[in-house]
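The residues making up each chain are set out below.
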Amino acid sequence: MPAETPGLVTRSYIESFFSSMSEHPVSGNCESLSMLKEALVSFTEAETDENASMVYMTFRGMSGPSGGMDILGLMGLMRTYELRSMNIVDSQRDHYIHSINVFAMGICIYQNSGRLQEAFRNSRPDGMFPNEREEFLYVWGLASMFHDMGYPIEIAYNQIRRFLRISCGGSQDIGPVPLVRNLEELFRIGDQSNDALDVMSERLSRVLSLEASAVSDILHGYEGSMYESCRVDHGFFSAAMLLKWMGMASEMSDADVSERIKARVVESATSILLHNFYNHTFTRPPFLLYQ
């Protein structure tokens, strides 16, 4: 018999994941969950913009508030920016499609790994969701689908750097410094007493068993680190954007949904932060954690 294609394997794991989830009560809308499964299956059959958009939209339908602060609008803007800039940067990935592939890949790994399921189960003592797979779908969905939405900032920086180097005859020595004015506005979430960097610092210090003040200092100083090293970490901006936009959206929802959303958005945003930040920070002095 011929070997199964990657799309068929992915589809079988996705169907198995949603089938296992349906065996237990869910807190979300069952119709929305069913629509999300079908959207993912369609995407495994054809990785088109239309099918990717359907995954984003159906995930929004099962994941909580949208209101006037619909984060999908920001993803659409990112998509437009990438399409218009792909001819003037050295290399460019389609992050709109890529993010759905990452989402699907995570579901497949989770469904096929008892070890990962156990680790996730042990990490959720509060039981904010009645269904473990539904909670994984929500946390992983936010982390995977929105982990690159800050990429336009990095693309813009790379465009400027490329132009400057060409204008200097190909010199690799010249480079602009990334600089954003009034960046604290991006970190302000909900009421003005909440700060995205403080929220993620607290979560990181608990998960990694590190001194809270040390993590806070390094995170609040990360903008300066990017400035000094002439680089942009899109994950840093993506994490802050997710907290800001979901924080504002959750204020429009009922109290029960709001608390469930806030608890898990922090988890997802911190994961987004780590996908570049960890190697640039925690594998180096003074932390020296495992690579």
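Here, the structure is the one placed above.
Residues numbered from 1 in each chain as written. Predicted model: local features only at pLDDT ≥ 70, side-chain atom pairs only at ≥ 80, totals over all residues. Heavy atoms only, no water.

Before we go on, may I ask you to explain the nonpolar core in this structure?
Generally speaking, a soluble globular protein has its nonpolar side chains buried in company with each other. In this structure, Leu137, Phe146 and Leu242 are the most contacted members of the largest nonpolar core, which totals 70 residues. With near-sequence residues (within four places) excluded, Leu242 lies in contact with Ile71, Leu142, Phe146, Met149, Gly247, Val265, Ser268, Ala269 and Ile272. (Core = buried A, V, L, I, M, F, W, Y, C linked by side-chain atoms within 4.5 Å. Buried < 20%, exposed > 50% of the residue type's maximum accessible area, 1.4 Å probe, protein only. Contact = heavy atoms within 4.5 Å.)

Where do I start with a nonpolar patch on the surface in this structure?
Where nonpolar side chains cluster on the molecular surface, the patch consists of Met105, Ile109 and Leu116 and spans about 260 Å² of accessible area. Tracing the sequence through the fold places Met105 in helix 5 (residues 95-112). The partly exposed category is assigned to Met105, whose relative accessible area is 45%. (Patch = residues over 30% accessible without salt bridge, like charges linked within 9 Å, V, L, I, M, F, W, Y side chains within 5 Å. Areas by Shrake-Rupley, 256 points an atom, 1.4 Å probe, with all protein chains shown as cover. Salt bridge = Lys/Arg side-chain N within 4 Å of Asp/Glu carboxyl O. Helix = DSSP H or I, 4+ residues; strand = E, 2+ residues; numbered from the N terminus.)

Just to check I follow, could you spell out the layout of surface pockets for this structure?
Any empty space left between the atoms is revealed when a probe the size of a water molecule rolls over them. Size it by volume and the largest pocket reaches roughly 650 Å³. For the largest pocket, the lining is made up of 21 residues, of which Val139, Trp140, Ala143, Glu267 and Ser271 are closest to its centre. Listed by contribution, the elements that provide at least two residues to the lining of the largest pocket are helix 5, helix 6 (114-122), helix 7 (132-145), helix 10 (196-207) and helix 14 (255-282). Among the elements that take part in the lining of the largest pocket, helix 14 stands out by supplying 6 residues, more than any other. Residues of the lining of the largest pocket, tallied by class, amount to 12 nonpolar, 7 polar and 2 charged. (1 Å grid on protein atoms, 1.4 Å probe; cavity = no way out; pocket = protein on both sides within 12 Å on 5 of 7 lines; lining within 4 Å. Points joined across faces, edges and corners; volume = space filled by probe spheres on them. Nonpolar A, V, L, I, M, F, W, Y, C, P; charged D, E, K, R; others polar.)

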